[in-house]
2 protein chains.
Amino acid sequence: MAGPKKIKPAKKKASDQRVGRNQKKPTREKIIDAAVKVFADYPYYAASIRMIGKAAEIDHPLINYYFPTKATLFEEVIKHVTDEYYQANITWFEGLEEQNPERGLSLYIDRFFDFAVKHPKALRIVALNLVQAGDREEIPGYRRIREFFTNTKESFKNAIPLQESFRDIEMFTISFNTLAINYLGAGPHYAKLLGFEPGSGQYFSWVKQTMMFVFLPQLKQIISEKQHTR
Amino acid sequence: MAGPKKIKPAKKKASDQRVGRNQKKPTREKIIDAAVKVFADYPYYAASIRMIGKAAEIDHPLINYYFPTKATLFEEVIKHVTDEYYQANITWFEGLEEQNPERGLSLYIDRFFDFAVKHPKALRIVALNLVQAGDREEIPGYRRIREFFTNTKESFKNAIPLQESFRDIEMFTISFNTLAINYLGAGPHYAKLLGFEPGSGQYFSWVKQTMMFVFLPQLKQIISEKQHTR
DNA sequence: ATGAGATTTTAACGATCGTTAAAAATATCT
DNA sequence: AGATATTTTTAACGATCGTTAAAATCTCAT
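Structural notes on the overall build of chain A
- Tallying secondary structure elements over chain A gives 10 helices and zero strands in all.
- Going from N to C terminus, chain A has its helices and strands arranged as α-α-α-α-α-α-α-α-α-α.
- Taking all 230 residues of chain A together, 50% fall into the buried category.
- For chain A, restricting intrachain contacts to residue pairs at least 6 apart in sequence, the fraction spanning at least 24 positions comes to 65%.

Points about the environment of Asn 89 of chain A
Residues and elements named next belong to chain A.
- Looking at where Asn 89 falls in the secondary structure, it is placed in helix H4 (residues 70-92).
- Not counting residues up to four positions away in its chain, the partners in contact with Asn 89 are Tyr 108 and Ser 155.
- Within polar-contact distance, the side chain of Asn 89 engages the side chain of Tyr 108 at 3.3 Å.

What to know about the interface of chain B and chain A
- Each partner contributes to the interface: chain B provides 49 residues, whereas chain A provides 49 residues.
- For the pair chain B and chain A, the two sides together bury roughly 4,400 Å², of which 65% comes from carbon and sulfur.
- Looking only at chain B, the three residues that lose the most surface to chain A are Met 171, His 189 and Phe 213 of chain B, adding up to 17% of its buried area.
- Linking chain B with chain A are two salt bridges, by the criterion used here.
- In this structure, Asp 135 of chain A and Arg 124 of chain B form a salt bridge, with 3.3 Å as the shortest nitrogen-oxygen distance.
- Elements represented by at least two residues in the side of chain B that touches chain A include exactly helix H6 (120-129), helix H7 (140-159), helix H8 (166-185), helix H9 (187-194) and helix H10 (201-229) of chain B.
- When residues of the side of chain B that touches chain A are assigned to their parent elements, the largest contribution, 12 residues, is made by H8 of chain B.
- A per-class count over the side of chain B that touches chain A returns 28 nonpolar, 12 polar and nine charged.

Thoughts on the nonpolar core
- Grouped together as the largest cluster of nonpolar side chains are 154 residues, with contacts concentrated most on Phe 39, Leu 73 and Phe 112 of chain A together with Phe 39, Leu 73 and Phe 112 of chain B.
- Not counting residues up to four positions away in its chain, the partners in contact with Phe 39 of chain B are Tyr 44, Ala 47, Ile 52, Leu 73, Phe 74, Val 77, Ile 125 and Leu 128 of chain B.

Some details on the packing of aromatic side chains
- This structure, assessed with the given rule, holds 62 aromatic pairs over all chains.
- Seen from their ring centres, Phe 156 of chain A and Phe 172 of chain A are 5.6 Å apart, and the 45 degrees between their planes marks the pair as tilted. Of the two residues, Phe 156 of chain A sits in helix H7 (residues 140-159) while Phe 172 of chain A sits in helix H8 (residues 166-185), which places them 16 residues apart along the sequence. Of the two residues examined, Phe 156 of chain A and Phe 172 of chain A, each falls in the buried class.
- Sitting over the face of the ring of Tyr 44 of chain B, Lys 70 of chain B holds its NZ or CZ atom 4.7 Å from the ring centroid.

Quick notes on the packing of helix H5 (residues 101-118) of chain A against helix H6 (residues 120-129) of chain A
Residues and elements named next belong to chain A.
- One can describe the packing of H5 onto H6 by two numbers: an axis separation of 4 Å at closest approach and a directional angle of 90 degrees. As summarised for this structure, H5 and H6 are arranged roughly perpendicular, according to the angle between their axes. In contact with Phe 112, Phe 115, Ala 116, Val 117 and Lys 118 of H5, H6 contributes Pro 120, Ala 122 and Leu 123.
- Looking at the contact of H5 with H6, its residues break down into seven nonpolar, no polar and one charged.

Quick notes on the relation of the copies chain B and chain A
- For the pair chain B and chain A, the superposition axis carries a translation of 0.0 Å, the fit reaches an RMSD of 0.0 Å, and the rotation angle comes to 180 degrees. Overall, the copies show the geometry of a two-fold rotation axis. Taking C-alpha positions as the reference, the residue of chain B nearest the rotation axis is Ala 46 of chain B, at 2.8 Å.
- A symmetric contact is evident, with 100% of the interface residues of chain B recurring at the interface of chain A.

Considerations on unusual backbone geometry
- A positive phi is found at Glu 57 of chain A, a non-glycine position, where the angle reads about 60 degrees.
- Judged by relative accessible area, which is 65%, Glu 57 of chain A ranks as exposed.

Considering the confidence of the model for chain A
- Per-residue confidence for chain A averages 88 on the pLDDT scale, and 86% of its residues sit at or above 70.
- Predicted confidence for residues 7-22 of chain A stays below pLDDT 50, and this span has three contacts to residues more than four positions away or in other chains.

Brief notes about the packing of H7 of chain B against H8 of chain B
Residues and elements named next belong to chain B.
- Two numbers describe how H7 lies on H8: the axes approach to 10 Å, and their chain directions differ by 125 degrees. The angle between H7 and H8 places the two elements in the oblique class. Judged by the sense of rotation from one axis to the other, the crossing of H7 with H8 is right-handed. Residue-level contacts link Phe 148, Phe 149, Thr 152, Lys 153, Phe 156 and Lys 157 of H7 to Phe 166, Ile 169, Glu 170, Phe 172, Thr 173, Ile 174, Asn 177, Thr 178 and Ile 181 of H8.
- Here the contact of H7 with H8 is composed, by residue class, of eight nonpolar, four polar and three charged.

Considerations on the environment of Val 214 of chain A
Residues and elements named next belong to chain A.
- Locating Val 214 in the fold gives a position in helix H10 (residues 201-229).
- On the basis of relative accessibility, which here comes to 1%, the residue Val 214 falls in the buried class.
- Residues Val 214 and Ser 175 lie 39 residues apart in sequence; the distance between their C-alpha atoms is 10.0 Å.

Topic: the pattern of salt bridges
- A full pass over the atoms with the stated rule returns 24 salt bridges over all chains.
- Asp 110 of chain A is paired through a salt bridge with Lys 208 of chain A; the nearest N and O atoms lie 2.8 Å apart. Linking Asp 110 of chain A in helix H5 with Lys 208 of chain A in helix H10, this pair joins segments that are 98 residues apart in sequence.
- Its relative accessible area of 19% is what places Lys 208 of chain A among the buried residues.
- Where Arg 144 of chain B meets Glu 75 of chain B, a salt bridge forms, and the shortest distance between an N and an O atom there is 3.0 Å. Of the two residues, Arg 144 of chain B sits in helix H7 while Glu 75 of chain B sits in helix H4 (residues 70-92), which places them 69 residues apart along the sequence.
- If you follow the salt bridges from partner to partner, you end up with Glu 75, Arg 143, Arg 144 and Glu 147 of chain A in one network.

So, how was this worked out
Residues numbered from 1 in each chain as written. Chains lettered and ligands numbered in written order. Predicted model: local features only at pLDDT ≥ 70, side-chain atom pairs only at ≥ 80, totals over all residues. Heavy atoms only, no water. Helix = DSSP H or I, 4+ residues; strand = E, 2+ residues; numbered from the N terminus. Buried < 20%, exposed > 50% of the residue type's maximum accessible area, 1.4 Å probe, protein only. Contact = heavy atoms within 4.5 Å. Polar contact = N/O pair within 3.5 Å; in protein donor to acceptor, adjacent residues only side chain to side chain. Buried area = accessible area lost by both parts, 1.4 Å probe. Salt bridge = Lys/Arg side-chain N within 4 Å of Asp/Glu carboxyl O. Nonpolar A, V, L, I, M, F, W, Y, C, P; charged D, E, K, R; others polar. Core = buried A, V, L, I, M, F, W, Y, C linked by side-chain atoms within 4.5 Å. Phe/Tyr/Trp six-rings, centres within 6.5 Å; stacked < 30°, edge-to-face > 60°. Lys NZ or Arg CZ within 6 Å of the ring centre and 35° of its normal. Axes fitted to C-alpha atoms, helices over the stretch in contact; angles between N-to-C directions. Parallel < 35°, antiparallel > 145°, perpendicular 65-115°, else oblique. Least-squares fit on C-alpha atoms with pLDDT ≥ 70 in both. pLDDT = per-residue confidence, 0-100. Left-handed = near helix turned anticlockwise from the far one by under 90°.

Next comes the structure, spelled out in structure tokens:
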């Protein structure tokens, strides 16, 4: 057959579902995890099915059994990491409106960083493919990356709902996310540039200070506009 | 021989130096120009010597006659486009201190944009390889990209000389250049995201407005610090 | 024009790429 | 246990990759 059986995939005995041991992970998950690793190291064209096979400790043609093409696997990877992001992102806004702008922004950034430390691959994959995502060429994963930006914009707009300064919010959130993707997705580059150890607390501290420095005045401005027009 | 004669490369009759016709360009230049094009479309690993050969309308092994390896050609390309940038960049600061912050920043951005429109490849090549430039792997071009960031930082520090708020200037200039590289180097991505035509005046106008929106308050802050501490 | 040296073309190398097909191994059900 | 369906392995395809070597062509001083 051309692919894995889809009719009863969860029929495995529940007792066998112990994913505690890394080895007992279903093949599909092993492939996704390995693909996340490889696509976090190389942009789409430079990453290879064979690298992913090696990382997953399986023979590489098995990948084509679960994912018909490299492009669909890539799309699945983008879906996987961006879904993780969305799920986390909506929680970062919780309880922010009770704070003043400075405390609120600080809290949001801390939550963002917490996610970035736990999922360092996500933003790096986006950063690695961001430029090419604007290309004519239609790899489905690229469309997903564009959607990712749209969604983060929408998510912000919904969390901080105000119609009047829509343009300001758009400028703010796109710039905020772009800088975050760069500083957190290309950490080693910027850390080296600044003379810090790539994953160090010093570096993260610089990034936070910088994000506060750049965006706090704008946030205050947006919020004051809100209060002015109400 | 292993490479082009280097002893008398300029011995060609001056009368033959008419580069007006695109065809009469020296092979080395044709290769560099084609390589700039290809490396502006694909990141280092995805770009190929054969693509560059096709773009230069020569047989691809001729490239190895002028450049021993793909890595050295890439380095030469980075050198080429960053040198163009440096040369332009130093002129953008001219006469800025006579303006108020808003006019000064606006002028600087206009000059930056003017360069970006005339040399759209430069920032795109940097943007395409920025993330991987932080990698352990030592492709000489990656080091050049890191140096590019260092140099833009230094250039700014020299043009606006003030010791006290060194950290603020570092945060400002790195963030400014990062956003500029994204918005101008990955233009099509952001234009699509915003619903604009990729190379349109509308898009550039959005970018300028955004850069002003984000960075004017910081610039004012830095300048006021300067006046406060003197 | 002839020979020397610089440049370009042609052919080919070993390696890796994504994908396919068939064989082998494993799991599932009667 | 034996038949059936699912998963994994093995082998190979055509294509492209960077690079090298040798042949062919071109340039130019003598």
